[in-house]
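# Structural overview
Listed here are the chains, written in short residue letters.
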Amino acid sequence: VKPAPQDPLGVLRMVELMNEAGFPPGVVNVVTGKEIAPSEAVVAHPRTDMVSFTGSTGVGQHIGSVCGSQMKRQLMELGGKGACIVFDDADLKAAIGGISSVWGFHSGQICTSPTRVIVQRGVYDHLVGGLQKAAGYMKVGDPTDRETVVGPVITAAHRGRIEGLIETGVAEGATIAIGGERPDLETGFYVAPTLLVDVTNTMTVAREEFFGPVVVVIPFDDEDEAVALANDSEFGLYSYVFSKDTGRAW
């Protein structure tokens, strides 16, 4: 196991528990380091038969090239920009709850988040209003506080990237319906739960992964348009469909 250099402690503790549970010595090993060399050594080693990687697309492509040259098996979970289609017959309470998980679950730092919401015009205002209301209940703060819903993002650099994307969205014509500010907290790299509306699928905020507590909302009129919008992305990880008509959803 090679944990990300930003957060190795959870993996180290997991392997300690595995050893305490009785795993034979040498079965589970940890390699840490901030440099690229340790990762490349693990991936390229002839005794490594398979590589499973979760992370950025760029790093995944590099790992894939090394694995491909040696015919190693690989499992990649890379970037995402999950299309979340909400039809006008959907259970909006369920849809709002599912979409709001972006803000609460690892502060949006999960590639399967339903961050690109494609909603039918008949329920657009209702959905946006529901998401605004839900964000108001999302307490931002110390993740060790039981009252906290949204914790910090991983680094100052990553927070800066998220804030930069929000600024780009506004410059391209999007409107901040809620959030967008930096919470005034003494310690940690926080981003307020943010909702961007008046978004089109050609905007940067609809094309690039935030990996943070930000949702963008795009309207559609009919099924064909919804499918076209959902498919118009270089990402292809998780997507979601909300509709009471199971046949149409499938």
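This structure is a prediction, so every number in the text was calculated from the model and none was measured.

### As for the side chain of Arg159
- Following the sequence through the fold, Arg159 ends up in helix H6 (residues 156–171).
- Look at Arg159: it is buried, it has no salt bridge, and the nearest opposite charge is Glu163 at 4.5 Å.
- Excluding residues within four positions of it along the chain, Arg159 makes contact with Val153, Arg182, Gly188, Phe189, Tyr190 and Val191.

### Description of empty space enclosed by the protein
- Under the defined criterion, the tally for this structure stands at one cavity of 30 Å³ or more.
- As for the largest cavity, its lining consists of Gly80, Lys81, Gly108, Ile110, Cys111, Ser113, Thr115, Glu209 and Phe211.
- Counted by class, the lining of the largest cavity contains three nonpolar, four polar and two charged residues.

### Details of the pairing of strand S2 (residues 73–77)
- Direction of pairing for strand S1 (residues 50–54) relative to S2: parallel, over a ladder of five bridges. Within S2, the residue paired with Ser52 across the bridge is Leu75.
- Assessed by its sense of winding, the connection that carries the chain from S1 through helix H3 (residues 57–69) to S2 is right-handed.

### Concerning helix H1 (residues 9–21)
- In a regular helix each residue adds 1.5 Å, so 13 residues correspond to 18 Å; H1 covers 18 Å between its end C-alpha atoms and thus fits that length.
- Phi turns positive one or two residues past the end of H1, at Gly22, with a value near 115°.

### What about the nonpolar core?
- If you look at the biggest cluster of nonpolar residues, it comprises 27 residues, and the most contacted ones within it are Val86, Trp103, Val117, Leu127 and Val217.
- Looking at this core, the elements with two or more residues in it are strand S3 (83–86), helix H4 (92–104), strand S4 (116–120), helix H5 (124–136), strand S6 (194–197) and strand S7 (214–220).
- When sequence neighbours within four positions are dropped, the list of residues in contact with Leu127 reads Val86, Leu92, Ala95, Ile96, Ile99, Val117 and Val119.
- Ile85, Phe87, Leu165 and Ile218 belong to the second largest nonpolar core, which has 23 residues in total.

### Considering helix H8 (residues 223–231)
- The complete set of buried residues in H8 reads Ala226, Leu229 and Ala230. On an axial view of H8, the arc spanned by its buried residues comes to 100°, and they lie on one face. Facing away from the buried surface of H8 by more than 90 degrees, the exposed residues are Asp224 and Asn231.

### A few points about the sheet that holds strand S8 (residues 240–242)
- Spatial ordering of the open sheet is given by S5-S6-S7-S4-S3-S8, a layout of six strands whose pairing is mixed. Edge positions in the open sheet fall to strand S5 (175–178) and S8, since each of these has one partner strand only. Strand-to-strand twist across the sheet, computed as the mean angle between neighbouring axes with direction ignored, equals 25°.
- When S3 meets S4, the two strands line up parallel, connected through four bridges. Within S4, the residue paired with Cys84 across the bridge is Val117.

Parameters and conventions
Residues numbered from 1 in each chain as written. Predicted model: local features only at pLDDT ≥ 70, side-chain atom pairs only at ≥ 80, totals over all residues. Heavy atoms only, no water. Helix = DSSP H or I, 4+ residues; strand = E, 2+ residues; numbered from the N terminus. Buried < 20%, exposed > 50% of the residue type's maximum accessible area, 1.4 Å probe, protein only. Lys, Arg positive; Asp, Glu negative; His and termini not counted. Salt bridge = Lys/Arg side-chain N within 4 Å of Asp/Glu carboxyl O. Contact = heavy atoms within 4.5 Å. 1 Å grid on protein atoms, 1.4 Å probe; cavity = no way out; pocket = protein on both sides within 12 Å on 5 of 7 lines; lining within 4 Å. Points joined across faces, edges and corners; volume = space filled by probe spheres on them. Nonpolar A, V, L, I, M, F, W, Y, C, P; charged D, E, K, R; others polar. Pairing = 2+ DSSP bridges. Right-handed = clockwise from strand over helix to strand, strands pointing away. Expected span 1.5 Å × (residues − 1). Core = buried A, V, L, I, M, F, W, Y, C linked by side-chain atoms within 4.5 Å. Arc of directions from axis to C-beta. Axes fitted to C-alpha atoms, helices over the stretch in contact; angles between N-to-C directions.

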